[in-house]
Amino acid sequence: MTGDHLDPRAAEAAGGHPGVPDAFGRLWTPHRMVYVGGQDKPEDDGEGACPFCRTPARTDEDGLVVHRGETAYVVLNLYPYNPGHLLVCPYRHVADLTDLTDDERDEIGALSAAAMRVLRAVSAPHGFNLGMNQGSVAGAGIAAHLHQHVVPRWGGDTNFLPVVASTKALPQVLGETRDLLAAEWASAAAPEGI
Ligand SMILES: [Zn+2]
């Protein structure tokens, strides 16, 4: 465990609390409440409210930024499908792949490949889903600011929880994931300058 991130193994000591043990397992995912409740859903109507525009001004740790490029950056998805789910975003507030400059398109492609190399080195996924949803009708949560998903996949990572209950179990807190990926990105796994 690094930095001042909360150690989940130490967060819920059972001693001294009332309760009756039973046979059920319990999955505590309080970070999902901001999503389920909708109170944290950003406005999708301009740069001022856009989380992809605001994140670069934050520190890497606070913003969950893994790498900063020239025209685009890589950040952990706050609502990951799997551990290590990354988003590659241009700094500019543009919605459509056709709005990007050649430099932005090239760098987003290069950063996506580097993200795959880094994720393979850190967590050995068996495969990836890469892609971008263009427009809210196609599934884009923040349609106004383009973002490429890089989702590591493992055999058996889709089980009854996401299929039946729309819930993902995530064994690692985001801050810890960011620390691991950023450290690997800064090492030999990523080519010079990417
Ligand atoms: Zn934006």
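Basis of the calculations
Residues numbered from 1 in each chain as written. Predicted model: local features only at pLDDT ≥ 70, side-chain atom pairs only at ≥ 80, totals over all residues. Pairing = 2+ DSSP bridges. Helix = DSSP H or I, 4+ residues; strand = E, 2+ residues; numbered from the N terminus. Axes fitted to C-alpha atoms, helices over the stretch in contact; angles between N-to-C directions. Contact = placed C-beta atoms within 7 Å. UniProt positions renumbered as here; feature names shortened; annotations may be inferred.

1. Some remarks on the sheet that holds strand 1 (residues 65-68)
Where strands meet in a sheet, backbone hydrogen bonds hold them as pairs that are either parallel or antiparallel.
Link 1 in the chain: Taken together, five strands build an open sheet; the order of strands is 1-2-3-5-4 and the sheet is antiparallel. In this open sheet, the two edge strands, each paired with only one partner strand, are strand 1 and strand 4 (127-131). Between one strand and the next, the sheet's axes are offset by a mean angle of 15°, whatever the strand orientation.
Link 2 in the chain: Here strand 4 runs beside strand 5 (residues 148-153); their pairing, made up of five bridges, is antiparallel. Bridging across to strand 5, Gly-131 finds its partner in His-149.
Link 3 in the chain: Where helix 7 (residues 174-185) meets the sheet, it contacts strand 1 and strand 2 (72-76), and its direction lies at approximately 30° from that of strand 1.

2. So, the UniProt feature "active site" (unreviewed entry) in the chain
Link 1 in the chain: Feature annotation in UniProt places "active site" (unreviewed entry) on His-147, given in this structure's numbering.
Link 2 in the chain: Mapping His-147 onto the fold places it in the loop between strand 4 and strand 5.
Link 3 in the chain: Discounting chain neighbours no more than four positions away, the residues touching His-147 are Phe-52, Leu-87, Val-88, Cys-89, Met-132 and Ile-142.

3. Some remarks on the environment of Val-151
Link 1 in the chain: Tracing the backbone shows Val-151 in strand 5.
Link 2 in the chain: It is 6.4 Å that separates the C-alpha atoms of Val-151 and Leu-86, two residues lying 65 residues apart in sequence.
Link 3 in the chain: Setting aside anything within four residues of it in sequence, one finds Val-151 in contact with Tyr-81, Asn-82, His-85, Phe-128 and Asn-129.

4. Some thoughts on the pairing of strand 1
Link 1 in the chain: The pairing of strand 1 with strand 2 spans three bridges and is classified as antiparallel. Considered in strand 2, the bridge of Arg-68 is made with Tyr-73.
Link 2 in the chain: The turn joining strand 1 and strand 2, which pair antiparallel and follow one another in sequence, is formed by three residues.

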